[in-house]
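Fold and geometry: a report
Given next are the chains, with one letter for each unit.
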Amino acid sequence: MAPFRFGFNFLDLGARAEFLARCRRGEDLGYDVALVPDHLGAPAPFPAMVAAAEATERLRVGTFVLNNGFWNPHLLAREVATADVLTGGRVELGLGAGHMKWEFDAAGIPWEPFAARAERLSRTVEELSAIFGGPGYPEGAAVKEHYGLAELRPVQRHGFGGHGPPLLIGGTGDGVLSVAARHADIIGIAGTYQVRDEPPGTFRLGKAEEADERIRFVGERAGDRFGDLELNLLVQLVMVTGDRRAAAEELATRQPHLTVDEILDCPFLLIGTVEQMAEQLRAGLERYGFSYITVHSPFMEAFGPVIEHLKSR
């Protein structure tokens, strides 16, 4: 069985001292990666990542995940390479197709159908691979020579064909997961699904059998690569309680798409004692292959004892 890794995903920034203290606290609790999403009104990912790495000794830092529609591949390559150099090679790049229509509207970016966004994501990954591994920008050689500029490259040689940082691609749809199966080192399963016939951004939690199906889908498309992939689970809720069923019954009143038993079996919800949650994750590793577990930062403290329990076994 593969060893676990653990990440926490920042939803807000707060004051500088508060942010840096949370990063150090996460490291003390045993987390391996500090992650920053990419939403309007939330922290800018790359400055936050560099600050988190500077505040800690060993934490890796990553995007979880970038909205690909916000980024030009060449400008993104510059951000990734700069952050990887400044963090000493601790960056993990997470990419997604983008799923919140209002953010595209607010940013003045055309909202495309799912298939078009997945295709754009694939082109971005391919172009990043070419930028990181290619000859650079020979047409700018004279300017670079005049200013004494060196070609900026990532420190790491793990992802992008051995030319950049590890690549995580996250999503649930066929298009995005097909791109992930072809290109990613890490595949993130968020477990949220667009509700049919509802406005974009209206989500429900996935069920255990849907997670099974998504993993099978990725495995079929990844082929021989599948055994080398790391699978990431984004936990949507951590609830410490001595009565799992009572907690699930209360939660079911707010999750009309799930029954109580489906909530208790849902891999994206951790409910119970520390020991029960640890056992659920062990069972999830065996059933699905999830070895990289991410929680949202409001649950960072509550999940800490679970990390300690798993790492001590």
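In case you missed it, the structure is sitting above this.
Residues numbered from 1 in each chain as written. Predicted model: local features only at pLDDT ≥ 70, side-chain atom pairs only at ≥ 80, totals over all residues. Heavy atoms only, no water.

Our next topic: the overall build of the chain. Assigned secondary structure in the chain consists of 12 helices and 13 strands. A total of 313 residues make up the chain; the buried ones form 51% of that total. Of the accessible surface of the chain, which amounts to about 14,400 Å², a share of 54% is contributed by carbon and sulfur atoms. For the chain, the separation between the mean place of its 31 positive charges and that of its 43 negative charges on side chains is 1 Å. (Helix = DSSP H or I, 4+ residues; strand = E, 2+ residues; numbered from the N terminus. Buried < 20%, exposed > 50% of the residue type's maximum accessible area, 1.4 Å probe, protein only. Areas by Shrake-Rupley, 256 points an atom, 1.4 Å probe, with all protein chains shown as cover. Lys, Arg positive; Asp, Glu negative; His and termini not counted. Charge placed at Lys NZ, Arg CZ, Asp CG, Glu CD.)

Once that is clear, we can look at the packing of aromatic side chains. With the rule as written, the count across this model stands at 11 aromatic pairs. Each ring, one from Phe 10 and one from Phe 19, has its centre 4.7 Å from the other, and the planes form 40 degrees; the classification is tilted. For Phe 10, a relative accessible area of 1% puts it in the buried group. Among the aromatic side chains, those forming a connected cluster through ring pairs are Phe 4, Phe 6, Phe 8, Phe 10, Phe 19, Tyr 31 and Phe 303. Of note, Arg 117 hangs over the ring of Trp 111, and the distance from its end group to the ring centre comes to 3.9 Å. Above the face of the Phe 217 ring, Arg 221 is positioned so that its terminal group lies 3.6 Å from the ring centre. (Phe/Tyr/Trp six-rings, centres within 6.5 Å; stacked < 30°, edge-to-face > 60°. Lys NZ or Arg CZ within 6 Å of the ring centre and 35° of its normal.)

Below, the discussion takes up helix α5 (residues 114–133). For α5, spanning 20 residues, the distance from its first C-alpha to its last is 29 Å, which sits close to the expected 28 Å at 1.5 Å a residue. Among the residues making up α5, those that are buried are Arg 117, Ala 118, Leu 121, Ser 122, Thr 124, Val 125, Leu 128, Ile 131 and Phe 132. In this structure, the buried residues of α5 make contact with α3 (73–86), β5 (91–96), α4 (101–107), β6 (167–170) and α7 (174–183). (Expected span 1.5 Å × (residues − 1). Contact = heavy atoms within 4.5 Å.)

Here we come to the pairing of strand β7 (residues 186–189). Taking every second residue as pointing to the same face, both faces of β7 are buried, with Ile 186 and Gly 188 on one and Ile 187 and Ile 189 on the other. Direction of pairing for β6 relative to β7: parallel, over a ladder of three bridges. Bridging across to β7, Leu 168 finds its partner in Ile 186. Looking at chain direction, β7 and strand β10 (residues 230–235) are connected through four bridges and run parallel. Following the sheet pairing, Ile 189 is matched in β10 by Leu 233. (Pairing = 2+ DSSP bridges.)

Together, Val 85, Leu 86, Leu 152 and Val 155 make up an exposed nonpolar region whose accessible area comes to about 340 Å². Secondary-structure assignment places Val 85 in helix α3. Accessibility expressed as a relative area gives 40% for Val 85, which makes it partly exposed. (Patch = residues over 30% accessible without salt bridge, like charges linked within 9 Å, V, L, I, M, F, W, Y side chains within 5 Å. Salt bridge = Lys/Arg side-chain N within 4 Å of Asp/Glu carboxyl O.)

With that out of the way, let us pick up the side chain of Arg 5. When you line up the elements, Arg 5 lands in strand β1 (residues 5–9). A polar atom in the side chain of Arg 5 sits 2.7 Å from the side chain of Glu 92. The residues contacting Arg 5, other than those within four sequence positions of it, are Asp 32, Val 33, Arg 60, Glu 92, Ile 186, Glu 230, Ser 291, Tyr 292 and Ile 293. (Polar contact = N/O pair within 3.5 Å; in protein donor to acceptor, adjacent residues only side chain to side chain.)

Let's shift gears to the packing of α5 against α7. Where α5 meets α7, the closest approach of the two axes is 8 Å, and the angle between their N-to-C directions is 20 degrees. As judged from the angle between their axes, α5 and α7 are roughly parallel. The crossing of α5 and α7 is right-handed. Here Ala 118, Leu 121, Ser 122, Val 125 and Glu 126 of α5 come into contact with α7, specifically with Gly 175, Val 176, Val 179, Arg 182 and His 183. (Axes fitted to C-alpha atoms, helices over the stretch in contact; angles between N-to-C directions. Parallel < 35°, antiparallel > 145°, perpendicular 65-115°, else oblique. Left-handed = near helix turned anticlockwise from the far one by under 90°.)

What follows covers the pattern of salt bridges. Going through the model one piece at a time under the given rule, you end up with 20 salt bridges. In this structure, the salt-bridge partner of Glu 92 is Arg 5, at a minimum N-O distance of 2.7 Å. Here the residue Glu 92 occupies a position in strand β5, and Arg 5 occupies one in strand β1, the gap between them amounting to 87 residues. As far as burial versus exposure is concerned, Glu 92 and Arg 5 are alike and both buried. Between Arg 58 and Asp 32 there is a salt bridge, and its shortest N-O distance comes to 3.9 Å. Of this pair, Arg 58 sits in the loop between α2 (45–55) and β3 (60–63) while Asp 32 sits in the loop between α1 (16–29) and β2 (33–36), and the two are 26 residues apart along the sequence. Note on Arg 58: relative accessible area 38%, which makes it partly exposed. Via salt bridges that share partners, Arg 5, Arg 60, Glu 92 and Glu 230 belong to a single interconnected network.

Another aspect to go through is the side chain of Thr 63. Assignment of secondary structure puts Thr 63 in strand β3. Judged by relative accessible area, Thr 63 falls into the buried class, the value being 1%. Those residues in contact with Thr 63 that lie beyond four places of it in its chain are Leu 35, Val 36, Pro 45, Phe 46, Met 49, Glu 92, Leu 93 and Gly 94.

Let us now look at unusual backbone geometry. Here Phe 64 and Val 65 are connected by a cis peptide whose omega angle stands at -15 degrees. Its location among the elements puts Val 65 in the loop between β3 and β4 (66–67). Even without being a glycine, Phe 160 presents a positive backbone phi close to 55 degrees. One can find Phe 160 in the loop between α6 (141–147) and β6. Look at Asp 197: it is not a glycine, yet its phi comes out positive at around 70 degrees. Checked against the element boundaries, Asp 197 lands in the loop between β8 (192–194) and β9 (203–205). By relative accessible area, Asp 197 is classed as exposed at 75%.

Shape descriptors only; they carry no functional weight alone.
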